[in-house]
Amino acid sequence: MPLKEEAILKSPDEIEIMRAACLIVAEVLGIVKDSVKPGATTLDLERIAEEETMKRDAKPAFKGYRGYPFCLCTSINSEVVHGMPSKRALKSGDILSIDFGVRYNGFYGDSAITVPVGGVSDDAARLIEVTKASLEAAIEKAVPGNRLTDISSAVQRLVESHGFSVVREFVGHGIGRELHEPPQVPNFGLPGRGIRLKPGMVLAIEPMINMGGSAVRVLDDGWTAVTVDGSLSAHFEHTVAVTSDGPYVLSRI
Ligand code: MF3
Ligand code: CO
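Residues numbered from 1 in each chain as written. Chains lettered and ligands numbered in written order. Predicted model: local features only at pLDDT ≥ 70, side-chain atom pairs only at ≥ 80, totals over all residues. Heavy atoms only, no water.

Draft legend 1. Focus on the environment of G101. Considering the arrangement of structural elements, one finds G101 in strand β4 (residues 95-104). G101 sits in the buried class, given a relative accessible area of 0%. Those residues in contact with G101 that sit more than four places away from it in its chain are V25, K59, P60, A61, F62, G109 and D110. (Helix = DSSP H or I, 4+ residues; strand = E, 2+ residues; numbered from the N terminus. Buried < 20%, exposed > 50% of the residue type's maximum accessible area, 1.4 Å probe, protein only. Contact = heavy atoms within 4.5 Å.)

Structure below.
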């Protein structure tokens, strides 16, 4: 991650290429989501994602990124992000975060969802809803003239008002010809700080929210981040272009 926080601006034509990449991400995520059920393994989902990506002539963004071996990140229950597909079968009551990205025509798209497996507890359902709502609140702030941390503080305010906590160690990011571009997009902080948002900026906004404390640690596999207190965690992400017409959610169908 470059230290400079200057965003790399995209032209309207480049944004439309990113839109195409993000639509592939959204389609594949939708197909994977429809395959989530008790008894399915996360490796089953990985195979579906890989096949559907190939059909669309896109390249999985995560596979090979810093040595990450899969197309999907599949994070179950207290896993926060970067869970790896495995032979572990999903069971009713689990919550599953699915993070997916592609490269297409030289540009990246990135999105994540958290879905219930079968029937989940009211608390788990509420965590999913609040995390999704925090992403929507953040997206509303992605308009020219606002500052970067207006996005961050919108997430934190909503999440903490519901008694949940924001993960600090992982953040959103600029996105374009690289999966991770400046600026970093934290999900916490005071409003009115950081760079001023301009048309042509494209941000991957991705709140990671824990039911309990905010602390996370990475397992010995070197990837899987889990909550320290074992509480559930949810994650939603969209790739969003800042335009003079307002936020353009590239990864929304
Ligand atoms: N959405 C995550 C991110 O942008 C996914 C990265 S997973 C990795 O950081 F394997 F590519 F690292
Ligand atoms: Co991302």
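So much for the structure itself; the text now carries on.
Draft legend 2. Focus on the coordination of the cobalt ion (ligand 2). Surrounding the cobalt ion (ligand 2) are the protein donor atoms D110 (OD), H173 (NE2), E206 (OE) and E237 (OE), at 2.1 to 2.3 Å. Classification of the site at the cobalt ion (ligand 2) rests on its six donor atoms, whose angles at the metal span 67 to 170°, yielding the label irregular. Coordination of the cobalt ion (ligand 2) draws on donor residues from a single chain, spaced D-x62-H-x32-E-x30-E in sequence. Highlighted residues: D110 in strand β5 (residues 107-116) and E206 in the loop between β9 (202-205) and β10 (208-210), separated in sequence by 96 residues. (Donors = N, O, S within 2.8 Å, 3.2 Å for Na, K, Ca; no water. Tetrahedral: all angles 85-135°; square planar, octahedral: opposite > 155°, others 65-115°.)

Draft legend 3. Inspection of the site of ligand 1 at higher detail. Lining the immediate environment of ligand 1, one finds F62, Y65, Y68, C73, H82, D99, D110, H173, H180, E206, W223 and E237. D110 is positioned with one of its side-chain polar atoms (N or O) 3.0 Å from an oxygen atom of ligand 1. Contacts to ligand 1 include E206, whose side-chain N or O atom sits 3.3 Å from an oxygen atom. In isolation ligand 1 has 340 Å² of accessible area, and contact with the protein removes 94% of it. For the shell around ligand 1, the per-class residue count stands at five nonpolar, three polar and four charged. (Near = heavy atom within 4 Å. Polar contact = N/O pair within 3.5 Å; in protein donor to acceptor, adjacent residues only side chain to side chain. Areas by Shrake-Rupley, 256 points an atom, 1.4 Å probe, with all protein chains shown as cover. Nonpolar A, V, L, I, M, F, W, Y, C, P; charged D, E, K, R; others polar.)

Draft legend 4. Structural context of the pattern of salt bridges. What the rule picks out here adds up to 10 salt bridges. The shortest N-O distance in the salt bridge between R88 and E79 comes to 3.7 Å. Look at R88 and you get partly exposed, because its relative accessible area is 37%. Note that E136 and R252 form a salt bridge whose closest N and O atoms lie 2.8 Å from each other. (Salt bridge = Lys/Arg side-chain N within 4 Å of Asp/Glu carboxyl O.)

Draft legend 5. The packing of helix α1 (residues 12-34) against helix α2 (residues 42-55), seen in detail. The N-to-C vectors of α1 and α2 enclose an angle of 150°; their axes lie 9 Å apart at closest approach. Taken together, the axes of α1 and α2 are roughly antiparallel relative to one another. Like other packed secondary-structure pairs, α1 and α2 cross with a definite hand, here right-handed. Contact residues: α1 offers V28, I31 and V32, while α2 offers L45, I48, A49, E52 and T53. A breakdown of the residues in the contact of α1 with α2 according to their chemical character gives six nonpolar, one polar and one charged. (Axes fitted to C-alpha atoms, helices over the stretch in contact; angles between N-to-C directions. Parallel < 35°, antiparallel > 145°, perpendicular 65-115°, else oblique. Left-handed = near helix turned anticlockwise from the far one by under 90°.)

Draft legend 6. Structural detail: the environment of V166. Assignment of secondary structure puts V166 in strand β6 (residues 165-166). You can call V166 buried: its relative accessible area is 0%. Through-space distance from the C-alpha of V166 to that of V155 is 8.1 Å; in sequence the pair is 11 residues apart. Once residues within four sequence positions are removed from consideration, V166 is found in contact with V155, Q156, V159, N187, F188, M208, I209 and S214.

Draft legend 7. Up close: the environment of G213. With respect to the element layout, G213 can be found in the loop between β10 and β11 (216-218). The exposure class of G213 is partly exposed, given its relative accessible area of 33%. Placed 80 residues apart in sequence, G213 and A133 show a C-alpha to C-alpha distance of 19 Å. Ignoring sequence-local partners within four residues, the contact set of G213 consists of S165, D229 and S231.

Draft legend 8. Looking closely at the pairing of strand β14 (residues 238-243). The buried count for β14 comes to six of six residues, which makes it a mostly enclosed element. Of the two faces of β14, the one carrying H238, V240 and V242 and the one carrying T239, A241 and T243 are both buried. Here β14 pairs with strand β15 (residues 246-249) via four bridges, running antiparallel. The residue of β15 that forms the bridge with T243 is G246. Between β14 and β15, which pair antiparallel one after the other, the connecting turn spans two residues. (Pairing = 2+ DSSP bridges.)

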